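Spelled out, the chains give:
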Amino acid sequence: MNTILIGIIVANALISYKGFNDLAFFRKYEFHVGSIRSGEQIRMLSSGFLHADIMHLAFNMLTLWFFAPTVIDYLGNFSFILVYVGSLIFGSLLTMLFHKNDYSYRAVGASGAVTGVLYSAILLQPDMMLGIFGIIPIPAYLFGILYLLYSIYGMKAKNDNIGHTAHFGGAVGGYLITLIREPSLIMDHSLMTILLAIPILILFVMAKMDKL
């Protein structure tokens, strides 16, 4: 049992629990564009350890528990921490980029960091199979592409409270950091590397064309 992974899960649980029971604490450390733009950059990191409720926390930590071991086994503890923290920051940065003029925008959750770990695992082991709802088998790489495309749709539709931008930013972070740490993947899994890059390119083309 990896102590780094356990430590991250415990930190998320304790900080989230504090936020569940202390609204002032929750408001002080959540992602809030207006506060960040006024100088409270710590929120870009701290918000990744807060969650809206128990189900939100449980889903993120369960996903992390399933996919983190693949990243740790392939890349080691240090690179796993880089992927986790880097993806969290990527998610926050992309969220700021897309919502910088929406001063009231708020968000919490480890989704960016967890999605980064998920995409790192897919890149490292693209032939793994995932179970949608625990029963429907789907190749990991196909899930990754569909998830990013769904995130683009969610960013464009803006019809729910899900932080699709943080998910996407986290995926980009996990993708880039993994390739930087293990560049041989570009040759070893070249087709998967290209396929997983397609939604990322679509996003930035749409942003450039002001379609988001």
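Structure first, text after, so check above.
As the structure is a prediction and not an experimental result, all values here were calculated from the model. (Residues numbered from 1 in each chain as written. Predicted model: local features only at pLDDT ≥ 70, side-chain atom pairs only at ≥ 80, totals over all residues. Heavy atoms only, no water.)

A. Layout of the packing of aromatic side chains. Under the defined criterion, the tally for this structure stands at three aromatic pairs. Taken together, a centroid distance of 5.0 Å and an interplanar angle of 55° make the contact between phenylalanine 25 and tyrosine 29 tilted. In this pair, phenylalanine 25 and tyrosine 29 are both assigned in helix α2 (residues 23–29), four residues apart and thus about one turn of the helix distant. Plain terms: the ring middles of phenylalanine 80 and tyrosine 84 are 6.4 Å apart, the flat faces sit at 45° to each other, and that makes the pair tilted. Here the residue phenylalanine 80 and the residue tyrosine 84 both occupy positions in helix α6 (residues 77–99), the gap between them amounting to four residues, near one helical turn. With relative accessibility at 0%, the residue phenylalanine 80 sits in the buried group. A cation over a ring is seen here: lysine 18 above phenylalanine 25, with NZ or CZ 5.8 Å from the ring centre. (Phe/Tyr/Trp six-rings, centres within 6.5 Å; stacked < 30°, edge-to-face > 60°. Helix = DSSP H or I, 4+ residues; strand = E, 2+ residues; numbered from the N terminus. Buried < 20%, exposed > 50% of the residue type's maximum accessible area, 1.4 Å probe, protein only. Lys NZ or Arg CZ within 6 Å of the ring centre and 35° of its normal.)

B. Structural context of the nonpolar core. One finds Leu64, Phe80, Tyr84, Val117 and Phe168 to be the most contacted residues of the largest nonpolar core, which totals 48 residues. Breaking this core down by element, the ones donating at least two residues are α1 (3–21), α5 (54–75), α6, α7 (111–124), α8 (140–157), α9 (164–181) and α11 (190–208). Top element by residues in this core is α7. It accounts for nine residues. Other than its neighbours up to four places away in sequence, leucine 64 contacts Leu5, Ile8, Ile9, Pro69, Phe80, Tyr84, Val114 and Val117. By size, the runner-up hydrophobic cluster in this structure holds six residues, among which are Phe31, Met44, Met96 and Tyr105. (Core = buried A, V, L, I, M, F, W, Y, C linked by side-chain atoms within 4.5 Å. Contact = heavy atoms within 4.5 Å.)

C. Up close: the pattern of salt bridges. Inspection of every chain in the model, using the stated rule, returns four salt bridges. The partner of glutamate 30 in a salt bridge is arginine 106, with the nearest N and O atoms 2.2 Å apart. Placement of the pair is glutamate 30 in the loop between α2 and β1 (31–32) and arginine 106 in strand β2 (residues 106–107), with a sequence separation of 76 residues. Residue glutamate 30 is classed as buried on the basis of its relative accessible area, which comes to 2%. Using a relative accessible area of 42% as the deciding quantity, one classes arginine 106 as partly exposed. With a closest N to O distance of 2.7 Å, glutamate 40 and arginine 43 form a salt bridge. Judged by its relative accessible area of 34%, glutamate 40 falls in the partly exposed class. Salt bridges here are not isolated pairs; linked through shared partners, they connect Arg27, Glu30 and Arg106. (Salt bridge = Lys/Arg side-chain N within 4 Å of Asp/Glu carboxyl O.)

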